[in-house]
Structure formats: C-alpha cells, structure tokens
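Observations on the three-dimensional arrangement
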Amino acid sequence: MMQHEKMYQVLTKEIADINERIKKLDYLYIKTEKMHRLLSQHHNSTQPHYPGNSARVSRYRDPSPGGTLRINNIYFLAFTVSLIFLVSGIAFILFASSLSREETGEYIQVATGQIKFALAEHINEEFGNLRAASIISHDRELLSPDGTFTRLTKRLVANNSYIQVGIADRNGYAMWMEKGGIRRGSLAGEPFIERALQGEQVVTGTRKNAVDGIDVNYYAVPIFDEASGRISGVLFAADPEEEFRNIINHSLYAGKGLAHIIDSQGNYIVKSMSPIVIGIGDNIFDIPYPLTETDKQKLLDNLAMGQAGYFERKIYEADRLVAYSPLGINGWHVFYAVPEYMVSAGLKNVTVGGIVVISAAVLAFIFFIMLIKRVNKKNRNALETMAFIDPLTGQRNYQKFLIDAAEILKNAQDMKYAICYCDIKAFKTINDLFGRETGDRLLRYYSDFLFELTQEGEVFGRITGDIFVSLRKYQSKQEIETRFESAAHRLMVFPETFSRGYRVELFGGVYFINRNDEKLPLNDMMDRAITAEKSAKTLKNGKHLCFYTDEMREQKLWEAEVESTMEAALENNEFQVYLQPKIDIQHGNRIMGAEALVRWISPEKGLIPPGRFIGLFEKNGFITKLDRYVFDTACRNYKETVLDRGQQKYILSVNVSRLGLLQPDFISTYVFMKEQYHIPDGCIELEFTESLAFENHTLFQSIVDECRRNGFLCSLDDFGAGYSSLNILKSIQVDVLKIDGLFFKYGDNSDRGRELVKNIISMAKSLHMKTVAEGIDEEYQVEQLREMGCDAIQGYIFAKPLPMEEFNRFVELWKTPMAETKLF
C-alpha cells in the first residue's frame, strides 16, 4: 500500500512539472505572437494595400521571420511535451520496476521462510511423536515380537506415514518392523543410532531403504530409563522422503519455480523434482552456468554460518531470483529459485509499450501505468498466496495478520479493540489419539468458525500449530468472554472427538488495546496477550480465559529487570546468606543446627524478599548458580567459625532446588565443596522439598541414597505443605523430617490437629528420623511440641534468620545448660 502511494506521489509530481513547463511555453508563445504582429504591421506599412488579402497572406504565406518562429515554437512545444512525457514515463516505469523487483525479492524470501517454517514444524512434530512413544519404549518386553513392540509400531505406522519403525538397545542391537514383517539385526555404527545414544534428536538426509529401495529420512530419539534417568536405547522411524518433498514442492509461475533442501556444502538433502535438475549432479554447483567463484564462496560462507540470503544470477540455464534460509537442523538450508523472466516478462512488455505510446497521449500513458499495476498485482497475488495464506486453513498466517491488524488499528479512531490469543489444550494428544488428519480437520473446523465470528473491521490468523490470534472489536469485557465461550463450546463439540467422549479445551489470553498504545508495537501487544494466556493455564477456578492486567505487566517488567541484573548481583555479593538457628528443645534448648537462607540486598532497592525472586530463578535456571553460591558461602563460614576458631558445633542445613538436584554434576560438585572446606561427614544436611519426591520417586530415592553415602544428612522439608504421602517415608530413608508450620495452625480442630502432629512425630521416631517443627512463634507451641517428643524448633520464638556475623555472635552468647551431646 505504501509503495503504491509513493508511485502515485511521483506521478502527481511529474504531471505538475509538465503543467508548469506548458504554462511557460504558452507564455513564450504569446510573447512571440505579439512580436510577430508588430513585425507584420511594419512590413505591411511599406507594401501596397490589397483589401481582403492581408489575412490570407499573414496566415499561410507570410514570408516574415515571425511565421517561421511560430511554427518552430509549435514544434518545440510538441517536442518538449513529448520528451517530458517520454522521459517522465521511462523514469516512472523504471522506478516502478525497481520497487516491484524489491517487493518480489521480499515476497520470495517470505515464501522461503514459510517453506522453512513448514519443514521445521513437520520435523518437530515427528520428533514429538517419537518422544511420546519413547516414554513407554524403555520396557525390555519391547524386544519380544509378541510384546508391546508390535502394538507400538502398528499404532505409530497407523497414525503416521512411517514405512519402518524400530528400537535399538545401547549396543546397537535392533528390532524393527517393515514391509516384510519384524526384523532383527545390529545397527551398531549407524550414525543416527550413535548420535541418538549420545542424547540427540536426529533426522538424517535422504537414503535408500534396504527392503524396497524407497528414499527415506530416518528420525531417531533417545529412550531414557525411568529408574536411572539414563539413555537405555533408541526409538527410530523411517519417513518417506515424499513427506519433505510435498512441503518444498510448492512452486510458482506455472511450475517453473523449484526448491531444495541442501547442507552447508551445497549438497542436496532433498532435491526438487523439476526436470531442470533431474540427473544433474548431487550439488547445487554441479549445474550448467554455475555461479562465479566469488558468488560461490559467498554462498558457501553464508551456508556455513547459518545465514539467510538472496541474490539474482544466471543459474539453472536462466536468470533466476534465489533465496535461501537456514532450517536450524543439521546445518540444512531451504534453497528456493524462481525464473526472473516469469516475474518480469509482463513488466518489460508493458515498459516498451509505454515508452512508444506515452508520447501520443496522456490517457495512453495512464493506461499503461494501470497495466503495469495490473501485472504487478498479478505477480504479487501469486506470491502473497504463498507468503501470507496459511496452507492448512486457507486463512491469514501470522505475517498477514500483523500487516492487516496494524492497518486496522491505524484507522481505528474511537473503536475499542482487543488482541485475543488462544491455543488448544494438549493438541498433540489429539493427534496421537485420533490421527493427524483428524487434528488437521479440527483446526480447519475451528478456523471456519472464527471466520464466521469475524465482523467487519476485525481479523484473525493462525500463528502455528494450534495457536490462533484475533483482533476483535468490543464494547464490554463480557462481550469478549461470550465470544470466547462460544468458540470454546464449538471446539468442545467437534463431532469426531466429542462422539468418542473426548472434550477439546481452549485456553485464551486477552489484551485490551487502549489509547496510550499508539507507539506500542503490535508484537508487544501480542506478548501481553500471550502472558495473559499463560496465566489462564494456572487458574484454579475452572476458567480458561484470562485478561492482561497492569500487575502482569509490572511482574513481567520486574522479572526482566531482575534477569538483567542477577548475574552482576551475584558477582557483587548482593546475595547475602542468613542463618536461622534450630533449637534442640529436648536437651536444654541448645543450638542443634542452622538453616542457610538467602536474601538479596540491592544497593538500589534494598532488601528484596526471597518470594520475589526464587520462583523466577527456578524458571530461568539461575537457581542452580544461586544454590551453589549459598552452599559455598555457608560452608566457608562453617570452616572459618566452627572448624578453625572452635565455635560450638552445629549441623548446617542447605536447601537444594528441584533444578539443582537434577544437574548431572550435583553430587560431585557438593562433595567437592564439602571436602574443599574439610567439613566432616554428618555436619551438613541437604534439605529437599517434599514435592521433588513425587515428580520422580525412583530418581529421588537414588539421589538421597548417594548423598548419604557421601556423608550428607538428608531432610524432607515442608512435610505437610501439599502432598504428605506416607509412601515417601516408607521408601526413602531421610534423616530429618521437617514439619511445615501449617500443621500447627489448628483452628477450630485443635484437639484433632495436636493428635495428628503427635502421631507424625511418633511415626518419625519409629522410623529413626529426627523431627524439626518450623514456623513456630508461640511459647505454648514449644511446650506442646516438647511434650510430644519433637526434637527441635525453628522459628521466630527463638530467632529469626540472621546475617552470618550476627549468627556467629548469637552462637557465642547462647547459653546451653548441659554439655554437647551427639545429635545423630
């Protein structure tokens, strides 16, 4: 739209210039005519006068210089006007041609990106299918032809296009199903097997299937043993190369375009079926009229660096517009080429015709300009279909949505709009249960309904997969809710799933656009709608729609600010380790231990409570660094005060996050730091939250056992905060049970509450575990817990968390009426 406006402005300016020049020529003509009359009068005054003949002589046979000047002026005017129109027309056409070529190049690059996106989505979907199947593939019975393997492979083949599915153990011994039935053999040394055994998800280049010679691509994913978390084998499948070819074979311009998938050396991974390249080499450089060495090297450099590019060269025996883009997998690129003559042939013809006709008349000139516009529009429409239309639903894709939505908002005036971002819950599960074709029909069904809902001045589009975004008008918040509920209901009753008892659920997030958002990019509005949609997935009230609020924005800004400063804060020692004493109430209220806690003391913001940043650090992975920093700092303080200065001994407790626990070097790192500071066995207690045991019971048990073998005590923190499964206490041998403070808020059921706590303590003792009650603030609670047999108290009744120096003074001043006794 902007380019057409620019063309119109150029044309208007050229016409204004021409009119100005015509006015000047008219003025010159008038002056010349006056001079001619004066000369004629002077000439006639010296000749005999013949009444009635003076006009004829003056008009047709006037021999005076004035007559010649008048004719020359007419010729000059005609020549000038024609020249102006010719030059202006040529300049305009060349300018339009240049804009059209630039626009064509952009569309071709967008089209290449669409092919790349479709390929990446297909590959990720295939990996998703195999990963889902690999969850049950660790069972050893899979290697039995009559066991789960047969059912698994039949299901995978039924719901996918695979012609071969198999499983291999760590030694490469494999069993697979293909046309001839189930086969066994060794695949040791196969690159895709070896890479998958190293933990990679692998997709191979095209190769011949050994049985029927079909060109296939192998996919392979590692199988993880549930007990140890290690790789126990590989699940692989052979997909016909036709799957890739169907994606890349969307050509333009009467089938003259072509596309390949190539590696970083230009070798074909998937080759176009165009007759132009069939039988010609295995590399894009093995063709007639190859690139120059300079262009070839530039292309190879870009491929090696994983960069996208665009160029216009003679290649494949014709001038072509070529775009390439990295696929992001195996160093592969999508290589797309369109004949230049197919794009610009009509434009050149119109240009030549325009140059010939422009000098004749303004209308002809305008006609050819409109013809140019028509040719450009035809080419653009073909490219727009590729670049802007979602091939599955036939509706807008994300790029087209952004363009149209921006145009609508630009002219919105007082109309209120909202961005609605929605996705279908567990869509991959729908594909797995009902097949990909049913999943595709569901998306088209939902897209058709959104089209029905869309009013004038609204747009929607499919971003990718099962994610849709809409720009909706609204008068009230309830109106948006009603339209969402209508769409959610329509999805729920999709006949192919509803008839089989499956409820399809929809989640949505909404951002209401306000008048202050004029300078806010549409992508940022989208981010806010996405933030709201993610919040909807955490709602506990049964609703699936959430509206963006300033609190979400402030939280996101806060998180962005924290993430930008957390590394520097750690380097600058802004994270301070505090210690909260644990008091042994069964042996004279002596100090039994201390829990290491972290506080963030920012020079700008002051004390930041852990609740503001711990959750964020757990999401972004920084919690692992913070865990190790706290452990190292607490161990160093323990060595300097207890081991070196002879301060009263206590057990140092340190929390371990879920992410820190799952690090491969977790135990080795913590053992190294313990030994680095020469801390004896039994002096450090690692606290694990109860929820960790529920996520992977077997893995958690093995880690606890390994920690105890390396001299650490282990405690189960927050017991009773959420899960409280006695099965954990039965099978996992921990040394300490920390009872959450929620257990001591008895309320109206005080007798039942005290009896429950008493029995928990008694049960822990029978299992040879110490008990620590945390969050204790009242004296009567201390006395009750002492009578129940609780070993220790951690709470404000004795001390709040203290900076390490204050804790060291606290230990020195704390009076213990009895001698130190063995704790464990």
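This text follows the structure it describes.
I will try to describe carefully the structure that is included in this document. What you see is a predicted model, and the numbers here were worked out from it, not measured in a lab.

Cut-off values and rules
Residues numbered from 1 in each chain as written. Predicted model: local features only at pLDDT ≥ 70, side-chain atom pairs only at ≥ 80, totals over all residues. Heavy atoms only, no water. Phe/Tyr/Trp six-rings, centres within 6.5 Å; stacked < 30°, edge-to-face > 60°. Helix = DSSP H or I, 4+ residues; strand = E, 2+ residues; numbered from the N terminus. Buried < 20%, exposed > 50% of the residue type's maximum accessible area, 1.4 Å probe, protein only. Lys NZ or Arg CZ within 6 Å of the ring centre and 35° of its normal. Expected span 1.5 Å × (residues − 1). Pairing = 2+ DSSP bridges. Axes fitted to C-alpha atoms, helices over the stretch in contact; angles between N-to-C directions. Contact = heavy atoms within 4.5 Å. Salt bridge = Lys/Arg side-chain N within 4 Å of Asp/Glu carboxyl O. Polar contact = N/O pair within 3.5 Å; in protein donor to acceptor, adjacent residues only side chain to side chain. Core = buried A, V, L, I, M, F, W, Y, C linked by side-chain atoms within 4.5 Å.

Details of the packing of aromatic side chains
On inspection of all chains with the given rule, the structure shows 26 aromatic pairs. A centroid spacing of 6.3 Å and a plane angle of 55° characterise the contact between F311 and Y324, whose relative ring orientation is tilted. With F311 in strand β10 (residues 309–315) and Y324 in strand β11 (residues 318–326), this residue pair connects regions lying 13 residues apart in the sequence. With respect to burial, F311 and Y324 carry one shared label: buried. Here the aromatic residues F575, W600, F613, F617 and F622 are joined through ring pairs into a cluster of three or more. Geometry around W558 places R612 over its ring, the cationic atom sitting 4.0 Å from the centre. For K674, the ring lying beneath its charged end belongs to F712, and the centroid distance is 5.5 Å.

As for the side chain of S470
As for its position among the elements, S470 is in strand β15 (residues 467–473). The exposure class assigned to S470 is buried, which follows from its relative accessible area of 6%.

Remarks on helix α18 (residues 623–643)
Its 21 residues give α18 an end-to-end C-alpha distance of 28 Å, which sits within 8% of 30 Å, the value for a rise of 1.5 Å per residue. In terms of burial, α18 is a largely internal element, 16 of the 21 residues being buried.

Comments concerning the sheet that holds β15
With mixed pairing, 5 strands are arranged side by side in an open sheet as β14-β15-β13-β16-β17. With partners counted over all chains shown, the strands left at the sheet margins are β14 (459–464) and β17 (545–547), one partner each. Taken over all neighbouring pairs, the strand axes of this sheet differ in orientation by 20° on average, direction set aside. Summarising the sheet, strand β16 (residues 506–513) and β17 pair through 3 bridges and their orientation is parallel. Within the sheet, the bridge partner assigned to V510 lies in β17 and is F547. Contacting β13 (417–424), β14, β15 and β16, helix α10 (residues 398–410) crosses the sheet at an angle of about 150° to β14.

Focus: the pattern of salt bridges
Here the structure, examined in full by the defined rule, presents 33 salt bridges. The salt bridge involving K537 is made with D423; its shortest N-O contact spans 3.1 Å. Of the two residues, K537 is situated in the loop between α15 (522–536) and β17 and D423 in strand β13; the sequence distance between them amounts to 114 residues. The partner of D791 in a salt bridge is K765, and the shortest N-O contact between them spans 3.7 Å. In this pair, D791 sits in the loop between α25 (779–788) and β26 (792–794) while K765 sits in helix α24 (residues 750–766), placing the two residues 26 residues apart along the sequence. Judged by its relative accessible area of 7%, D791 is buried. Residue class for K765 comes out partly exposed when judged on its relative accessible area of 39%.

Some points on the environment of S668
Position of S668 relative to the elements: it lies in helix α20 (residues 666–676). With relative accessibility at 46%, the residue S668 sits in the partly exposed group. Sequence spacing of S668 and N710 is 42 residues, and the spatial spacing of their C-alpha atoms is 9.5 Å. Within polar-contact distance, the side chain of S668 engages the backbone oxygen of D665 at 3.1 Å.

Notes on the nonpolar core
One broad trend across soluble globular proteins is that nonpolar side chains are buried collectively. Counting 82 residues, the largest nonpolar core has F575, F617, L626, F666, L686, F688 and L785 as its most contacted members. Take this core: its biggest share by element is 9 residues, from α18. In this view, F575 contacts M566, A569, L570, V598, R599, W600, F613, F617, F622, L626 and Y629; residues no more than four positions away in its chain are not counted. Counting 39 residues, the second-largest nonpolar core is a separate cluster that includes A120, I123, Y219 and A237.

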